[in-house]
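Residues per chain are reported as follows:
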Amino acid sequence: MASLFDTTRNFSLYTIPVAWITCLAPHVYASQLAGKAFDNRQPRTLTAKLDSQQTLDAATKARIVRAEGAQQNGFENLGIFAAAVVAGNVAGLSNETLNYLSGGYVLSRMVYNYVYV
């Protein structure tokens, strides 16, 4: 019986851009929640501006802050993950090991974003 995923091919390098998209997703969600409060010219000021916003309720403001925190946490970890994937490829680890570990990391980031936000 054939496996659902072909683990003999190396897909680990493809997980780096997938991890980047996973890190960016909470920010996109936060900007959608913020609506007009989000200023694309100064996106880093969103969490600072939330206190003065009267159109958003407290639960939405808290969700936006958590989403921005999840995005920052993801980008803080992305460099280490990318370096580990490249180092594993250079070291000659088996494709199966690289695929499972890199896929597990991306999956854990997705679960983290869902649970944290």
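Provided above is the structure to which this section pertains.
A.B. asks: Could you give an account of the overall build of the chain, naming the residues involved and the relevant values?
C.D. replies: Along the backbone of the chain there are four helices and zero strands. Along the chain, helices (α) and strands (β) appear in the sequence α-α-α-α when read from the amino end. Against the compact-globule benchmark of 13 Å for 117 residues, the chain has a radius of gyration of 18 Å, which places it well outside the compact range. Considered along the principal axes of its C-alpha atoms, the chain spans approximately 55 × 30 × 20 Å. Relative to its full complement of 117 residues, the chain shows a buried share of 32%. Taking contacts inside the chain between residues at least 6 apart in sequence as the whole, the part at least 24 apart equals 73%.

A.B. asks: Tell me about the side chain of T22, and please be specific about residues and values.
C.D. replies: Looking at the secondary structure, you find T22 in helix α1 (residues 15–34). Its relative accessible area of 7% is what places T22 among the buried residues. Other than its neighbours up to four places away in sequence, T22 contacts V106, R109, M110 and N113.

A.B. asks: Describe helix α3 (residues 58–91), with residues and values.
C.D. replies: The end-to-end C-alpha separation of α3 is 49 Å, in line with the 50 Å expected for 34 residues at 1.5 Å each. T60, K61, I64, A67, E68, A70, Q71, G74, L78, F81, V85 and G88 are the residues of α3 that are buried. Of the residues trailing α3, G92 is marked for its positive phi of about 85°.

A.B. asks: Explain the layout of surface pockets to me, and be specific about the residues and the numbers.
C.D. replies: The computed volume of the second largest pocket comes to approximately 180 Å³. The wall of the second largest pocket is formed by H27, P43, R44, L46, T47, E68, Q71, Q72 and F75. For the lining of the second largest pocket, the secondary structure elements donating two or more residues are α2 (46–49) and α3.

A.B. asks: Could you give an account of the packing of α1 against helix α4 (residues 95–116), with specific residues and numbers?
C.D. replies: How two helices pack is summed up by the angle between their axes together with the distance between the axes. Remark: α1 packs on α4, axes separated minimally by 10 Å, with the N-to-C direction vectors making an angle of 5°. With respect to their mutual orientation, α1 and α4 come out roughly parallel. Listed contacts from α4 to T15, V18, A19, T22 and P26 of α1 are S102, G103, Y105, V106, R109, M110 and N113. Residues of the contact of α1 with α4, tallied by class, amount to six nonpolar, five polar and one charged.

Cut-offs used in this document
Think of each chain on its own: its residues are numbered from 1, step by step along the sequence as written. Two thresholds apply to this predicted model, a pLDDT of at least 70 for residue-level local features and 80 or more for giving and counting side-chain atom pairs, whereas whole-chain, interface and lining totals are computed over all residues. Computation of side-chain values: all heavy atoms of the structure, hydrogens and water removed. Per the convention used, a helix needs a DSSP run of H or I reaching at least four residues, while a strand needs a run of E reaching at least two, with both numbered from the N terminus. C-alpha atoms define the radius of gyration, and 2.2 Å times the number of residues to the power 0.38 defines the globule rule. Exposed residues in this analysis have more than 50% of their type's maximum accessible area, buried residues have under 20%, and partly exposed residues fall in between, with area computed by a 1.4 Å probe over protein chains only. Only heavy atoms enter the contact rule, under which two residues are in contact if any of them lie within 4.5 Å. By definition here, a helix of n residues has an expected span of 1.5 Å times n minus one. Using only the protein atoms, space was sampled on a 1 Å grid; points where a 1.4 Å probe fits but cannot get out form cavities, open sets with protein on both sides within 12 Å along at least five of seven lines form pockets, and lining residues are those with an atom within 4 Å of a point. Grid points are joined across faces, edges and corners, and a volume is the space filled by probe spheres set on the points. What counts as an axis is a line fitted to C-alpha atoms, over the stretch in contact for a helix, and the angles between N-to-C directions run from 0 to 180 degrees. Our angle categories are set so that under 35 degrees counts as roughly parallel, over 145 as roughly antiparallel, 65 to 115 as roughly perpendicular, and the remainder as oblique. Classes in brief: Ala, Val, Leu, Ile, Met, Phe, Trp, Tyr, Cys and Pro nonpolar; Asp, Glu, Lys and Arg charged; the others, Gly included, polar.

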